[in-house]
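Residue-level listing of the chains:
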Amino acid sequence: EAGVAQSPRYKIIEKRQSVAFWCNPISGHATLYWYQQILGQGPKLLIQFQNNGVVDDSQLPKDRFSAERLKGVDSTLKIQPAKLEDSAVYLCASSLIGNEQFFGPGTRLTVL
Amino acid sequence: KQEVTQIPAALSVPEGENLVLNCSFTDSAIYNLQWFRQDPGKGLTSLLLIQSSQREQTSGRLNASLDKSSGRSTLYIAASQPGDSATYLCAVRDSNSGYALNFGKGTSLLVTP
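Just so we're clear, the structure is a prediction, and the values are computed from it rather than from any experiment.

Points about the state of the cysteines
Evaluated as defined, the whole model comprises two disulfides over all chains. Between the sulfur of A:Cys23 and that of A:Cys92 lies a disulfide, 1.9 Å long from S to S. Torsion about the S-S bond of the A:Cys23 and A:Cys92 cystine: about -70°, corresponding to left-handed handedness. Linking A:Cys23 in strand β3 (residues 19–24) with A:Cys92 in strand β9 (residues 88–95), this pair joins segments that are 69 residues apart in sequence. There is no split in this pair, since A:Cys23 and A:Cys92 are both buried. In this model, B:Cys23 is linked to B:Cys90 through a disulfide, with the two sulfur atoms separated by 2.0 Å. When the S-S torsion is -60°, as for the bridge of B:Cys23 with B:Cys90, the disulfide is left-handed. Within this pair, whereas B:Cys23 is found in strand β3 (residues 19–25), its partner B:Cys90 is found in strand β9 (residues 86–94), the two being separated by 67 residues in sequence.

Now the structure itself:
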């Protein structure tokens, strides 16, 4: 069974630029999560989807971050414009509803 | 708001030693607790999942225990090996806040040959 796929693996941008990350969950997993992991910290949930709908986006900085999950499968997370403090690893995870979460390899973002 | 704390932040042991990593959480109303391993530059690998009704789970050389009433979990690693070197993260899923996981900051483990 294929795992959670993410791309790109690494991205370097300058502040005020835009960036987008892509996630393909495990086939059949209805729930998809985006987490932000700042160096030395544990991951923090940004947004959770169940199929097409948003379940929880309370910690998503909505003035600059946006996310969508088209057709209940792939998802994209966008940052526009990026700030220095957005430098982090962005992790995507998926699960069957209420079950164990499986994580992708992450995208490491550096904002200069 | 659930707070998850992991002690120690870093640990170095010689190969072959048994070791214990600690995790504590402030709200005992949890659905389950998960231990993850994270290698540098990699994503998270799930090691053990303990449901709130369970006391422990075992997988190979790993044993995780859960004491929900005291808000504590331990991850026991037997006969440590250099390949066990990684960051170990504890994550709690609350009963009342959907399916999101609340993570600790992790314990960075180094096993020296």
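What about the pattern of salt bridges?
All names here are of chain B. Per the stated rule, a full pass over the model turns up five salt bridges over all chains. The shortest N-O distance in the salt bridge between Arg37 and Asp39 comes to 3.0 Å. Judged by its relative accessible area of 23%, Asp39 falls in the partly exposed class. Here Asp84 ties to Arg61 by a salt bridge, and the two come within 2.8 Å at their closest N and O atoms. Of this pair, Asp84 sits in the loop between β8 (72–77) and β9 while Arg61 is found in the loop between β6 (56–59) and β7 (62–67), placing the two residues 23 residues apart along the sequence.

Rules behind the numbers
Residues numbered from 1 in each chain as written. Chains lettered and ligands numbered in written order. Predicted model: local features only at pLDDT ≥ 70, side-chain atom pairs only at ≥ 80, totals over all residues. Heavy atoms only, no water. Disulfide = S-S within 2.5 Å. Helix = DSSP H or I, 4+ residues; strand = E, 2+ residues; numbered from the N terminus. Buried < 20%, exposed > 50% of the residue type's maximum accessible area, 1.4 Å probe, protein only. Salt bridge = Lys/Arg side-chain N within 4 Å of Asp/Glu carboxyl O.

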